[in-house]
Amino acid sequence: MKYVPLGRTGLNVSRVCLGTMTWGTQNTQADADEQIEYALANGVNFMDTAEMYSVPPNAESYGKTETIIGDWLSRNSSRREEFVLATKIAGSGLAYVRDGGPITGQAVIDSVEASLKRLQTDYIDLYQLHWPNRTTPHFAKHLPGRVRFSDIDAAEHSAQMLDILQGIDACIKAGKIRHFGLSDDTTWGINEYLKLSESHNLPRVASIQNEFSLLHAKDWPYLIENCLHEDIAYLPWSPLATGSLTGKYLDDQRPAGSRWGFAQRHGLFRDTENAEKAVRGYVEVAKKHGLTPAQLALAWCDQVDGVTSTIIGATNLEQLKEDMGAFDLALSDAVLEDVMAVFKEYPAPF
C-alpha cells in the first residue's frame, strides 16, 4: 500500500480510502466488520462515512453507517489510532436533518457531538461539509446553463462560510475534530475558505471530495490543479460511477442487491445512452489488456496527477478485494492510449 500526505494536516493516508455508505442498507454489521478487518490488514488506514449514510438517504437510514462503525469501535477501541476517520455533516434539503436547514457554525457543533456518539469515539480526524449551502454544479448540474452563478449572493455565502469556520474552530479547540474538509464544492468554494481562514486565523481546509471517474471528470484540470498547488487533498468519490464502470448495468441489467436496484435521491442520471456507449468502450479496453473493468477504472483514477486517495465502496468482500487490487497496478502507455480514445469520444456522457 502507498501512503500520501492528507494536505497540510501532517497525516499520511493510504491511496485507498474505504467508503462505507452502503453499511446499514445493503450491508449488515457483520459485512462491515469483515470489510474493516480486511482493509486494515491490507494497509488501508483511511475510512470515510457521513451522518447522512446509509444510502439511499432517508429518515430511517440516517446515522446507520456511523452507528455500525461505532459498534466495531466499541469492540476494538484500542485500534482507533490505526486509521484516519472521516465523516460529514449533511447540507440543506433533508427535512429529517435539522428541518432541512443550512449548515451553520452551531449546526457543526451539534452535529459533531451527535456523530461522536454514534461513532463511539472521542475525536474525528477529518470533518467534512457534505455539500455547500449554495447550489453548485454537482449531481448532473455540471453542463452549461444548469446553474446560474450570478444568482448567488457571494457576500452572503462568504458570511455563512465564516460562521461555519468559527464552529469548526470551536470543535478543533475542544479536541473533537482534528481537521476539516469540503465535499461537492467548487474552486471558488475552496479559495473562499482559504481566504477566510487566512484573514481570520481560522482552520485551513485540508481536503475536498468530489465525484470523479472516467464518466465524470469535470474537475480536471482546473479544480485539481488548484488543489495540488494549494496542498488540498483531492479525494474522488464514486470512481466507478456508482458501479456503472464495472459493466454490470449494461443492457438495463439490475443485479439483485446492487445500488441501481434502489431508488436514487437525485434520480438515476448516469444511465444515459452515451454513458452506456462509453462503458462498453472501457469494458472492451479492459478485456483487451487482461484487466477487469473495475480495476481499469480505479487504476486510471489512481494515476491521475493530483489525486490523493480514492474512495472505494463494496457490497461484498470479493468486490473489495478486486477493487483494492487495482491500486497495485501500473497502467501502461498502451492501456492509457486506449482509455483516452474512448474518453475523447465520450468526455461528458451524462
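Please read all numbers here as calculations on a predicted model, not as lab measurements. (Residues numbered from 1 in each chain as written. Predicted model: local features only at pLDDT ≥ 70, side-chain atom pairs only at ≥ 80, totals over all residues. Heavy atoms only, no water.)

*Asks:* Any chance you could break down the pattern of salt bridges for me, citing the residues and the numbers?
*Replies:* Side chains that carry opposite charge are capable of pairing whenever their charged atoms lie near each other. For the structure on display, the rule yields 25 salt bridges. For Asp71, the salt bridge identified is with Arg75, shortest N-O distance 2.7 Å. Of this pair, Asp71 and Arg75 both sit in helix α2 (residues 64-75), four residues apart, which is roughly one turn of that helix. Taking relative accessible area as the criterion, Asp71 reaches 30% and is therefore assigned partly exposed. Residue Arg79 pairs with Glu82 through a salt bridge whose shortest N-O separation is 3.0 Å. For Glu82, a relative accessible area of 39% translates into the label partly exposed. Put simply, Glu51, Glu66, Arg98 and Arg118 are held in one network by salt bridges that share partners. (Salt bridge = Lys/Arg side-chain N within 4 Å of Asp/Glu carboxyl O. Helix = DSSP H or I, 4+ residues; strand = E, 2+ residues; numbered from the N terminus. Buried < 20%, exposed > 50% of the residue type's maximum accessible area, 1.4 Å probe, protein only.)

*Asks:* Before we move on, can you summarise the layout of surface pockets with the specific residues and values?
*Replies:* Over the atoms rolls a probe the size of a water molecule, and its path tells where empty space is left. Quantified by volume, the second largest pocket comes out at close to 420 Å³. Taken together, 25 residues make up the lining of the second largest pocket; nearest its centre are Thr136, Pro137, Phe149, Thr186 and Thr187. Secondary-structure elements contributing two or more residues to the lining of the second largest pocket are α5 (187-200) and α6 (222-229). When the residues that make up the lining of the second largest pocket are grouped by side-chain class, the tally is twelve nonpolar, seven polar and six charged. (1 Å grid on protein atoms, 1.4 Å probe; cavity = no way out; pocket = protein on both sides within 12 Å on 5 of 7 lines; lining within 4 Å. Points joined across faces, edges and corners; volume = space filled by probe spheres on them. Nonpolar A, V, L, I, M, F, W, Y, C, P; charged D, E, K, R; others polar.)

*Asks:* Would you mind going over helix α10 (residues 333-345) in detail, with residue names and values included?
*Replies:* An α-helical turn contains 3.6 residues, so any two residues separated by three or four positions project in the same direction. With 13 residues, α10 extends 19 Å between its outermost C-alpha atoms, agreeing within 8% with the 18 Å of an ideal straight helix rising 1.5 Å per residue. Residues of α10 that are buried include every one of Val335, Val339, Val342 and Phe343, and no others. Take α10 and look down its axis: the buried residues cluster within an arc of 100°, on one side only. In this structure, α10 carries Asp333, Glu337, Lys344 and Glu345 as exposed residues pointing more than 90 degrees from its buried face. (Expected span 1.5 Å × (residues − 1). Arc of directions from axis to C-beta.)

As far as function goes, none of this settles anything; it's purely spatial.
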